[in-house]
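Summary of the model geometry
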Amino acid sequence: MTQERYTDIRICYQDRAAVITIDRPGKLNAIRINTYKELITAFQEADSNPDCHIIVLEGEGGQFTAGNDLADLVGADGQEVMDGVQGIFDCVSRLQKVLLAVVEGVAVGIGTTLLLHCDIVVASSETRFRLPFANLGVCPEGGSSLLLPRAIGEKKANEVLLTGRFFSADEAMRWGMITAVADPGKAKEVAQGYMDQLLRQPLASLLATKKLLKRSRGDVSMVVADELRVFKTLLESEATRSRISAFLQQR
């Protein structure tokens, strides 16, 4: 697929690795409906490419992603939003290839929940994570109500989901949410070390190992669908729309 078909992302192949870059730096790489569609297409393309052994996800301009583009979320058709969210998480949860995330700057909302579906995550020490669903009047998405407690423990998951507070890369590392912490601006460099190791392994071994490791997750797609039914109901409420509109005005 040629780059001209994408407007919100880039995809390039480097030595058997597909590097997918969220490319909306003017919006802190916030994800809108079109971004969801392009990410799904890029992930599927890379996963089906026999010359691609691993997939790397990153953000442009020293930021991972500020999460959903709230202006797009409020103004769009609710079902289209839900289809995009369900689609992206169904896609990443079913990837056969190893998925490695390179995180700098901010990882908010879906920027954090996406990491729960990644196999290896390298984050800068200055990265700030946040899951502000309750703050916006909605609920967890992306399978985070299942995967986050498994990753960091029930009590800590309760805290970050119910308060929506920012947390640091050091906290995320201590909780077992990410793989490694890099110096500021060096996440890609540290991630390259993991890429080099992965690309030395036989593809068949990587695919088989990932498939076996994913067995314990169960049906993540069903959890995502259950979350989204509640999310959609909350999103359509006047209280939530007023809360999001107030947030956008403050911003």
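What comes next concerns the included structure. What you are looking at is a predicted structure, and each value in this text was computed from that prediction instead of being measured. (Residues numbered from 1 in each chain as written. Predicted model: local features only at pLDDT ≥ 70, side-chain atom pairs only at ≥ 80, totals over all residues. Heavy atoms only, no water.)

**Description of the sheet that holds strand S6 (residues 120-124)**
Taken in spatial order, the six strands of this open sheet run S1-S2-S3-S4-S6-S9, and their pairing is mixed. The open sheet has two edge strands, strand S1 (9-14) and strand S9 (180-182), and neither has a second partner. On average, each strand axis in the sheet is inclined to that of its neighbour by 20 degrees, with strand direction left out of account. As defined by bridge partners, strand S2 (residues 17-22) adjoins strand S3 (residues 54-59) across six bridges and the pair is classed as parallel. Following the sheet pairing, Thr21 is matched in S3 by Glu58. Helix H1 (residues 33-48) contacts S1, S2, S3 and strand S4 (98-103) of the sheet and is inclined by roughly 15 degrees relative to S1. (Pairing = 2+ DSSP bridges. Helix = DSSP H or I, 4+ residues; strand = E, 2+ residues; numbered from the N terminus. Axes fitted to C-alpha atoms, helices over the stretch in contact; angles between N-to-C directions. Contact = heavy atoms within 4.5 Å.)

**Considering the sheet that holds strand S8 (residues 167-168)**
In space, the three strands of this open sheet follow the order S5-S7-S8, with mixed pairing throughout. Whereas interior strands pair on both sides, the edge strands pair on one side only; in this sheet they are strand S5 (106-108) and S8. Of the pairings in the sheet, the one linking strand S7 (residues 128-130) to S8 comprises two bridges and is antiparallel in character. Bridge pairing links Phe129 to Phe167 in S8.

**Some remarks on the nonpolar core**
Membership of the largest hydrophobic core comes to 63 residues, with the highest contact counts inside it found for Phe43 and Phe129. Discounting chain neighbours no more than four positions away, the residues touching Phe43 are Ile20, Ile55, Leu57, Ile88, Cys91, Val92, Leu95 and Leu99. (Core = buried A, V, L, I, M, F, W, Y, C linked by side-chain atoms within 4.5 Å. Buried < 20%, exposed > 50% of the residue type's maximum accessible area, 1.4 Å probe, protein only.)

**Some details on helix H6 (residues 144-152)**
An α-helix turns once per 3.6 residues; consequently, residues spaced three or four apart project the same way. Of all the residues in H6, the buried ones are Ser144, Leu147, Leu148 and Ile152. All buried residues of H6 lie within an arc of 100 degrees about the axis, which places them on one face of the element. Summarising the contacts, the buried residues of H6 are in contact with helix H4 (110-113), helix H5 (133-136), helix H7 (154-163), helix H8 (169-175) and helix H11 (220-235). Among the residues trailing H6, Gly153 stands out with phi positive, at a value near 100 degrees. (Arc of directions from axis to C-beta.)

**Some details on the pairing of S2**
Of all six residues in S2, six are buried, a share of seventy percent or more. Neither face of S2 is exposed, since Ala17, Val19 and Thr21 on one face and Ala18, Ile20 and Ile22 on the opposite face are all buried. Pairing between S1 and S2: six bridges, direction antiparallel. When the sheet's bridge partners are listed, Arg10 is paired in S2 with Thr21. What sits between the antiparallel neighbours S1 and S2 is a turn of two residues, in which Asp15 has the positive phi angle 50 degrees.

**With respect to unusual backbone geometry**
Even without a glycine there, the phi angle at Arg16 is positive, about 70 degrees. By the element assignment, Arg16 lies in the loop between S1 and S2.

**Considerations on the packing of H6 against H11**
Following both chains from N to C, one finds H6 and H11 inclined at 120 degrees, their axes separated by 9 Å at the closest point. Considered as vectors, H6 and H11 are oriented oblique to each other. Here Ser144, Ser145, Leu146 and Leu147 of H6 come into contact with H11, specifically with Val220, Val223 and Glu227. A breakdown of the residues in the contact of H6 with H11 according to their chemical character gives four nonpolar, two polar and one charged. (Parallel < 35°, antiparallel > 145°, perpendicular 65-115°, else oblique. Nonpolar A, V, L, I, M, F, W, Y, C, P; charged D, E, K, R; others polar.)

Functional significance is not addressed by these values, which are geometric in nature.
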